[in-house]
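Notes for the structure review
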Amino acid sequence: MKLLRKLFGAKPKVEPVKAAPLPVADVKPPKPVITLDVVERTEDEQELLKLAIEGATSQLRQAAAEKLHSREVLEHVAKAVKTKDKNVYKIVKTKLEAFKAEDNKQAALEATAQRICEKLEKHSHLEADALFKAKLTVLQNEWAALPPLSSAVQQRFNVALASCEAKITARAQAIADEEEKQTLDQQARQLAEEALVSLKQLAADIYRHAHIDDLLNANYELKIQELSNAVRLAANRHLPLDKLTREFEHRKQQTLNLIDQIKTSGTITELNQTLEQASDAELVKQAQAKLQQFIKSAKEFGDELPEALEDAKTKINVFFAERNQAEQATKNALREFNELARKGLWAAEQGFVRKARAIQKELHEKREQLANFTQELPKAIQGKLDDFEAQLIKLGDWHEFAVTPKKEALIEQMRALAATQSNPEALATRIHDLQDSWKEVSKGAQQQDDDLWQQFQQASAIAYAPCKEFFEAQAAEREANLAKRRELVSQLQQYLNGYDFANAVWKDVEQTLKTARAEWQNYWPVPRKAGNDLQKEFESLMEQLFGKITAEYETNKNAKQQLIDQAHALSSTEDSRSAAEQIKQLQGQWKTIGKSWPREDHQLWQEFRKHCDAVFAKRSELFEAAKEQRQAAVTKAEAIIAQLNDFAAQTLEQINTAKEEIETLKNEFAALELPKEAIKSTQQKFSNSLDAIAAKRDDARLQAEAQRWTDLFTTLDAIRDHELAIIGKENADILSAKKTELENRIGNIARWPAGTLSAVQQRLAKAETISAADQEHNTNLLRLLTIRAEIFAGLESPESDKAVRMSYQVQQLQQGLGQRDSHFEPLLIEWVGLGGVPQETYAPLFVRFNNSRQKITNK
């Protein structure tokens, strides 16, 4: 090469041509890998929407769907994944169902609001009675308990409320007008009553005046006319013043008559002066006639007699009383004189000389007294007196010859009485009769037969001996009865002084009256004089006691009459419900009032009962109408219960589909106004129907809960089989396919026990790195974990693991001062994370662990 360069010379140096660079396409950066952490940090709804639809893995799409909250976005995702990703669709559908539930809740609130508006509108058409405002307040309280609602519903409520308030205002105005009318009527009534009182006072003034001239009469007539005008004005208000008007007109006429009478006869004072000066009976009679006319006029007024009229009446009565007394004294004296003359004539005719002469002496004395009343005796009395004097003269002639045989006969009769067995009273009477006969025979005798007298006395003593003991016993009995009567009077006086008649038990008081009267009659006989004095005192006390009973009877009668008047007023009241309640109160008051006079009490009760029956009859008509309404409510409630029972017999899917309809039925039932007697049973049936529906839902929930645990443990078994295959070095393609299958399986399970999904995903993710050493380590941990679960659940461990359990517990005491597991969830998460345990070891440990879980869950 060097020789050639020398022969031909060196070639000129040529610059090499650089090749033009080839165009190279821009290298795109690698697509970023989106993980679950990125989803957790993302808050952008549109980004989450995209991930939920287009995410690389099922877990990523599900996690993005879980973070979506907007209803529009959720609806968009649901449409996009409905046929592509079942798991994401379930998540989105669950969230949309929550929105629907809220819509249903809002619809129920709207329905409740509409129901309240309907009630309020119906209420606005009712009369504004005593309960109108109270019912309105109840509806307002129900409305206030609701959350804010639509403006249309609020406007409907406001219109109905305004209508009700307008009725209340109108009712208040009507009441005010009625009260004003009542006030004016009361004033008019009071004016009429005052006019009547003034007219009474005017009549009293007329009676009191000593002298009334024409001017005063004119003044009186003018006052009467003014009072008449006042009563006429009150009557023009159409008040029930007929009775008062009639009484006023009657008194007015009587007062005018009184004025005319005074013009003719003079005043009462002038008549009194005439009586004081008059001594002639004829003048007194004339004054009496005029005063009687005044008294008649005063009695027609119905008032007490004026004092001047009473004085005049008293003077007239005294005058004629004295005159009548003198005439009666003369008549009595003549009657006594005539009777005494008759007795004297009889005594003379019977031969009783001494008695006849004593009567003769008494007749002479009385004749001297009669001289003050009359100078001459009536012819009949004078004739009888003359006959007596003549018979007495004849008696003196033969008396001495007839006395001794009569005395001897009386002695024999007395001796005969000593041998008889007669009744002591009859025997004593006979002895006294014989003694009286002896006295009559002995009267007028010139000499006394002492021997015969001694014989008669001795026979009398013997005959009277049996009577003495009897009459002494009678006297003792009378004294004992008198003492008992005195004691009874003393007790009665103490009873009157000490008993609290203001709070008396009148039935006991009446019984006391009857008992006192009965005991008084039982204590008989008594000594006559002392008994008569005591009888007056007893009767006075009984009158006092009876007076208190009479006053109580009158008080009770008046009180019952007032209740009758109130009941009569209530019988015409329109508000029969209120009237019935008031009638019940009146009946209760009636029971508290004691009795009155028996006949009147029965009549009062019949009248009171008639008015009560009228009120209750009117209320019964309303009750019948209300009963029909209540029965309609019960029928409606039973229909609702029947529908709920039909739902309870359907499947859970059908029940969930009919959720809105069930809520509507519940609202309809709550709006019903059931009768008291049916509330408990109907409410119980309604609750039973709802309980049956809830029981179906609870059963479904329990089944779903059991299914979640079944899905968890079967998935863990599948993962454990995959882990054992990895440890056994199976074919990589088979392992990859099995992993994909497990991922899909995990993604297709919608519900997991709390906190286990991520633990299952992590265990599957680290399954590829598991080794035989991990298998042995996890087996020991799983056994210890099972023992911990048994300790937490309070279950015994098998004999083979008791030493391990004891060692663990001692270690815990040494390290943690007795610390122990406080929750089961961490144990469950640890269990999920421990993989690769052989089947022969895992199976018995799982049974023990699952038993512990079930016991803890059922606590």
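Residues numbered from 1 in each chain as written. Predicted model: local features only at pLDDT ≥ 70, side-chain atom pairs only at ≥ 80, totals over all residues. Heavy atoms only, no water.

**Here we look at the overall build of the chain**
Here is the rule we go by: Numbering of helices and strands runs from the N terminus, with a helix taken as a DSSP run of H or I at least four residues long and a strand as a DSSP run of E at least two residues long. Partly exposed residues are those whose accessible area sits between 20% and 50% of the maximum for their type, while under 20% is buried and over 50% is exposed, using a 1.4 Å probe and protein chains only. Note on areas: these come from Shrake-Rupley sampling with a 1.4 Å probe, and a residue is covered only by the protein chains present in the view.
Tallying secondary structure elements over the chain gives 30 helices and 0 strands in all. Of all 859 residues assigned to the chain, the portion counted as buried reaches 34%. Counting every atom, the chain has about 54,000 Å² of accessible surface; 52% of that belongs to carbon and sulfur.

**A look at helix α7 (residues 132-144)**
Threshold: A helix is expected to span 1.5 Å for every residue after the first. Note: the arc covers the axis-to-C-beta directions of the helix.
Between its first and last C-alpha, α7 extends 18 Å over 13 residues, near the 18 Å set by a 1.5 Å rise per residue. By the burial criterion, the buried members of α7 are F132, L136, L139 and W143. The buried side chains of α7 occupy one side of the element, clustering within an arc of 60 degrees when seen end-on.

**Examining unusual backbone geometry**
A cis amide bond links W524 with the next residue in sequence, P525, at an omega value of 10 degrees. With respect to the element layout, P525 can be found in the loop between α18 (506-522) and α19 (528-570). One non-glycine residue, K729, adopts positive backbone phi at about 65 degrees. Summarising the element assignment, K729 is placed in the loop between α24 (676-727) and α25 (732-748). Look at K729 and you get exposed, because its relative accessible area is 72%.

**Some words on the environment of L604**
Put simply, the rule is: Contact criterion: two residues are considered in contact whenever any of their non-hydrogen atoms come within 4.5 Å of each other.
Among the secondary structure elements, L604 is positioned in helix α21 (residues 598-648). Here the alpha-carbon distance between L604 and I564, two residues 40 residues apart in the chain, equals 7.7 Å. Dropping the residues within four chain positions of it, L604 is found in contact with K557, K560, Q561, I564 and W590.

**Structural notes on helix α30 (residues 839-858)**
Over its 20 residues, α30 extends 28 Å from the first C-alpha to the last, a length consistent with the 28 Å expected when each residue adds 1.5 Å. Taken together, the buried positions of α30 are T841, Y842, L845, R848, F849, N850, S852, R853 and I856. Buried-residue contacts for α30 involve α24, α27 (772-793) and α29 (825-833).

**Quick word on the pattern of salt bridges**
Cut-off, in case you're wondering: Put simply, a salt bridge is a Lys or Arg side-chain nitrogen that is within 4 Å of an Asp or Glu carboxyl oxygen.
Evaluation of the coordinates by the stated rule reveals 22 salt bridges. The shortest N-O distance in the salt bridge between R783 and D801 comes to 3.4 Å. Of this pair, R783 sits in helix α27 while D801 sits in the loop between α27 and α28 (802-816), and the two are 18 residues apart along the sequence. Between R788 and E830 there is a salt bridge, with its nearest N and O atoms 3.1 Å apart. Residue R788 is found in helix α27, and its partner E830 is found in helix α29; the two are separated by 42 residues along the sequence. With a relative accessible area of 34%, E830 lands in the partly exposed category.

**Focus: the packing of aromatic side chains**
Each aromatic ring pair is summarised here by two numbers: the centre-to-centre distance and the angle between the ring planes. Under the convention used in this document: Here is the rule: rings of Phe, Tyr and Trp (six-membered ring for Trp) pair when centre to centre is within 6.5 Å. Planes less than 30 degrees apart are stacked, more than 60 are edge-to-face, and the remainder are tilted.
What the rule picks out here adds up to 15 aromatic pairs. Both rings, one in Y499 and one in F501, keep their centres 5.0 Å apart while their planes meet at 70 degrees; by these two values the pair is edge-to-face. For the ring pair W831 and F849, a centre distance of 4.1 Å and an interplane angle of 10 degrees mean the geometry is stacked. Remark: F849 occurs in helix α30 and W831 occurs in helix α29; sequence separation between them is 18 residues. For W831, a relative accessible area of 1% gives the class buried.

**Re the confidence of the model for the chain**
Heads up, the condition is: The predictor attaches a confidence to each residue, and that confidence, scored 0 to 100, is pLDDT.
A residue-level look at the chain finds 86% of positions with pLDDT of 70 or above and a mean pLDDT of 78. In this model, residues 1-31 is a region of pLDDT below 50 whose contacts with residues beyond four sequence positions or in other chains number 2 contacts.

**Some points on the packing of α25 against helix α26 (residues 756-765)**
Counted only if it meets this: Simply put, an axis is a line fit to the C-alpha atoms, just over the touching stretch for a helix, and the angle between two N-to-C directions goes from 0 to 180 degrees. What sets the label is the angle itself: under 35 degrees gives roughly parallel, over 145 gives roughly antiparallel, 65 to 115 gives roughly perpendicular, and the rest give oblique. Charged means Asp, Glu, Lys or Arg here, nonpolar means Ala, Val, Leu, Ile, Met, Phe, Trp, Tyr, Cys or Pro, and polar covers whatever is left, Gly included.
As a packed pair, α25 and α26 sit with axes 11 Å apart at the nearest point and diverge in direction by 175 degrees. In terms of orientation, α25 lies roughly antiparallel with respect to α26. Touching K739, L742, E743 and I746 of α25 are L757, V760, Q761 and L764, all from α26. For the contact of α25 with α26, the class distribution of residues is 5 nonpolar, 1 polar and 2 charged.

**A few points about the side chain of K739**
Mapped onto the secondary structure, K739 falls in helix α25. Excluding its chain neighbours within four sequence positions, the residues that come into contact with K739 are H722, L764 and E768.

**Quick look at the nonpolar core**
Put simply, the rule reads: The term nonpolar core refers to a set of buried residues drawn from Ala, Val, Leu, Ile, Met, Phe, Trp, Tyr and Cys, joined through side-chain atoms within 4.5 Å.
In terms of nonpolar packing, the biggest core is built from 29 residues, with L712, L716, V760, L782, F824 and W831 touching the most fellow members. Of all the secondary-structure elements, those providing two or more residues to this core are α24, α25, α26, α27, α29 and α30. Ranked by the residues each element gives to this core, the list is headed by α24, at 6 residues. Leaving out residues up to four positions away in the same chain, L782 has contacts with W831, L834, V837, Y842 and L845. Counting residues in each nonpolar core, the second largest holds 21 residues, with V489, L534, M542 and Y553 among its members.

**Notes on the environment of I749**
For I749, the position within the fold is in the loop between α25 and α26. When the C-alpha atoms of I749 and L712 are compared, they prove to be 9.1 Å apart, with 37 residues separating the residues in sequence. Apart from residues no more than four positions distant in its own chain, I749 is found in contact with N87, D711 and T715.

**Points about the packing of α24 against α26**
Running from amino to carboxyl end, α24 crosses α26 at an angle of 10 degrees, the nearest separation of the two axes being 10 Å. The pairing of α24 with α26 is recorded here as roughly parallel in orientation. Contacts between α24 and α26 pair L712, T715, L716, I719, R720, H722 and E723 from the former with T756, V760, R763 and L764 from the latter. Here the residues of the contact of α24 with α26 are counted per class, giving 5 nonpolar, 3 polar and 3 charged.

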